[in-house]
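Coordinates in review
Given next are the chains, with one letter for each unit.
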Amino acid sequence: MCSLHTNMWILFSIIFISIPYLVTSSTISSSSSSHLNSPLASSSSSSNKINCDNSIDAAVWASDKGADSVYIFSDKYYYLWNLSTRQLSTPMLANESWPGLPPKLDDGCSFYDPSSERLVFIFLKDSKFYLYRDRELHASDSTKSLFTLHFPDDISCFTCDLLSGSDEVGIKIFSKKSNSVYACKTRFRKNKLDQEDCGVKRIPEEKSLQKAVSTSGNCQAFATRYDMSTGILDFVYFGSESVAIAKHTEVKIESLNLVTDCKAFGFLPNLFTANQDSMIAWTVIFVLIILFSCICCVWCVRRKSRKPYEVDSEGNFDEKAATAPAIAVTEDKNAT
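I will try to describe carefully the structure that is included in this document. Source: prediction; values computed, not measured.

**Observations concerning the overall build of the protein chain**
From N to C terminus, the protein chain includes four helices and 20 strands. Sorting the 336 residues of the protein chain into buried and exposed places 41% on the buried side. Taking the contacts inside the protein chain whose residues are at least 6 apart along the sequence as the reference set, 44% of them involve residues at least 24 apart. If you sum the accessible surface of the protein chain, you get close to 18,900 Å²; carbon and sulfur atoms cover 55% of it.

Have a look at this one:
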C-alpha cells in the first residue's frame, strides 16, 4: 500500500510539471505562427493579446486616432488599444508606420505642435531619441541633445504633453533606480526641449498618479493626454503589477491580462508564462515534489520494517535488536 502511494506521488509530479511546459509551448507556437502571418491585419479583436515573451516597452497616447486610444509598443510591433472597449488591435510593424524606429523602445510620447500644426512623436531607445512630425523622421541623435539641462540617465518611463496653446510642453520622466519622478516645464524649439522649471520628487503631485504608482508598481510604460481646458491629466500607467487607467480624475486599476497573455491561470498567475523565469520556477517546484516523494518513500520503508528504536542517555536514536517474546515455563511440581 505504501509503495502504491509513492508511485502515485511520482506520477502526479510528472503530470503536474508537464502541464506548464505544454501550455507555454503551445503559447510560444501560437504566438510564433501569428507573428509569421501578416502583422498588418486591419481587423480588431478582443482576443488579441501581447505575447508574454515580449514585454510592454512603450505607450503613447494615439491623439491621431481619437481621445480614447493608446499605442502600445512591444518588441518590433505596436498595437492600438481602445480604452472604451478594451479591445486590442492585431500587431503592426512599428518601423513601417514610423520609418527607422528601432525595436524594444524605452518609452515615448506625443503632443500637438501649434507652430507646425503637426503631431510630434518622441521615442527613446538606450541613449538616443527619435523625433517624428506625424510619421516623418525629423531628428535622431543622442538623448543629451534633446534636453538643454540635466535629466535622469536611467529612464524607465517618459511622457510629454502640450500645456498651453503655444510651445510650452510638460514632461515627466520616471527613474529606474530611485523610481522618482523628474518633472519639467519646457519650450519645444528646433527639435529640442528647452527646460525651464524642473524638479525631482519621490511622489508625483497628482493624486491620481500617486494611486497608480502605489497600486500598480514600478513604471514599465506611461501614456498621457493633458486637457488644457480642464487642466486634467488622463493617463494609462503600465506598472509591474497592474495597469492604471485614469479618465477625468477617476482611476481604475485593471489586470495586465487585458493586453498580455502572461496570466493564463488565476490560481498560478506568475508561473504559467512562456519565459525563462517561469521555467525556473516550475523546475524548483518539480524538485521539491520529487524530494517530498523521496521522503515519503523513506518513511514507508521505515514504517514497513517496523524496527523498534530506543533513546540512549545522550538522546540519540539507536536501533534496538528485536527480542523473542518471553515464553512462560511452568515447573511440573509433580515430576518425579
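**With respect to the sheet that holds strand β10 (residues 136–142)**
Taking strand neighbours across the sheet as the criterion, the four strands line up as β7-β8-β9-β10 in an open arrangement whose pairing is antiparallel. Looking along the sheet, the strands with just one partner apiece sit at the ends: β7 (107–113) and β10. Across the sheet, the axes of successive neighbouring strands diverge by a mean angle of 20°, strand direction being ignored. Judged from the seven bridges that link them, β7 and strand β8 (residues 118–125) form a sheet pairing that is antiparallel. What sits directly across from F111, in β8, is V120.

**Observations regarding helix α3 (residues 207–216)**
Every buried residue belonging to α3 is among S208, L209, A212, V213 and S216, and all of these are buried. Take α3 and look down its axis: the buried residues cluster within an arc of 135°, on one side only. Residues of α3 that are exposed and angled more than 90 degrees away from the buried face: K207 and S214. Phi turns positive, to about 95°, at G217, one or two residues after α3.

**Structural notes on the layout of surface pockets**
By volume, the second largest pocket amounts to about 550 Å³. Lining the second largest pocket are 26 residues, with K172, A183, K185, E205 and E206 sitting closest to its centre. Those elements that place two or more of their residues in the lining of the second largest pocket are β11 (155–162), β12 (168–175), β13 (181–189), β14 (192–201), β15 (219–227) and β16 (232–239). Among the residues forming the lining of the second largest pocket, the class breakdown is 12 nonpolar, seven polar and seven charged.

**As for the side chain of K125**
By the secondary structure assignment, K125 is in strand β8. It turns out K125 is buried and unbridged, and the closest side chain with the opposite charge, D126, is 4.1 Å from it. From its side chain, K125 meets the backbone oxygen of P103 in a polar contact 3.3 Å long. If we skip the residues at most four places from it in the chain, K125 touches P102, P103, K104, L105, D106 and Y130.

**Considerations on unusual backbone geometry**
When glycine is set aside, most residues are seen to have a negative phi, and most peptide bonds are trans. Even without glycine at this site, D75 takes up a positive phi of about 60°. Secondary-structure assignment places D75 in the loop between β3 (69–74) and β4 (77–82). Taking relative accessible area as the criterion, D75 reaches 21% and is therefore assigned partly exposed. A positive phi is found at N191, a non-glycine position, where the angle reads about 60°. With respect to the helices and strands, the residue N191 is situated in the loop between β13 and β14.

**Considerations on empty space enclosed by the protein**
As enumerated under the stated definition, the model contains one cavity of 30 Å³ or more in all. Together, A59, V60, W61, G108, C109, S110, T159, C160, F222, A223 and T224 line the largest cavity. Contributions of two or more residues to the lining of the largest cavity are made by β2 (58–61), β7, β11 and β15. Classifying every residue of the lining of the largest cavity by side-chain character gives seven nonpolar, four polar and no charged.

**Regarding the sheet that holds β16**
Taken together, the four strands give an open sheet; going across it, the order is β15-β16-β17-β18, and neighbouring strands pair in antiparallel fashion. Each having just a single partner strand, β15 and β18 (250–254) make up the two edges of the open sheet. Ignoring strand direction, the axes of neighbouring strands in this sheet form an average angle of 15°. This element, α3, spans β15, β16, β17 (243–247) and β18 of the sheet and lies at about 5° to β16.

**Structural notes on the pattern of salt bridges**
Scanning all chains against the criterion turns up 12 salt bridges. A salt bridge links R118 to E136, with the nearest nitrogen and oxygen atoms 3.3 Å apart. Within this pair, whereas R118 is found in strand β8, its partner E136 is found in strand β10, the two being separated by 18 residues in sequence. Among the residues examined, E136 registers a relative accessible area of 45% and is labelled partly exposed.

**A look at the side chain of S69**
When you line up the elements, S69 lands in strand β3. Judged by relative accessible area, which is 7%, S69 ranks as buried. When near neighbours in sequence (up to four residues on either side) are disregarded, S69 contacts W61, A62, L80 and W81.

Calculation notes
Residues numbered from 1 in each chain as written. Predicted model: local features only at pLDDT ≥ 70, side-chain atom pairs only at ≥ 80, totals over all residues. Heavy atoms only, no water. Helix = DSSP H or I, 4+ residues; strand = E, 2+ residues; numbered from the N terminus. Buried < 20%, exposed > 50% of the residue type's maximum accessible area, 1.4 Å probe, protein only. Contact = heavy atoms within 4.5 Å. Areas by Shrake-Rupley, 256 points an atom, 1.4 Å probe, with all protein chains shown as cover. Pairing = 2+ DSSP bridges. Axes fitted to C-alpha atoms, helices over the stretch in contact; angles between N-to-C directions. Arc of directions from axis to C-beta. 1 Å grid on protein atoms, 1.4 Å probe; cavity = no way out; pocket = protein on both sides within 12 Å on 5 of 7 lines; lining within 4 Å. Points joined across faces, edges and corners; volume = space filled by probe spheres on them. Nonpolar A, V, L, I, M, F, W, Y, C, P; charged D, E, K, R; others polar. Lys, Arg positive; Asp, Glu negative; His and termini not counted. Salt bridge = Lys/Arg side-chain N within 4 Å of Asp/Glu carboxyl O. Polar contact = N/O pair within 3.5 Å; in protein donor to acceptor, adjacent residues only side chain to side chain.

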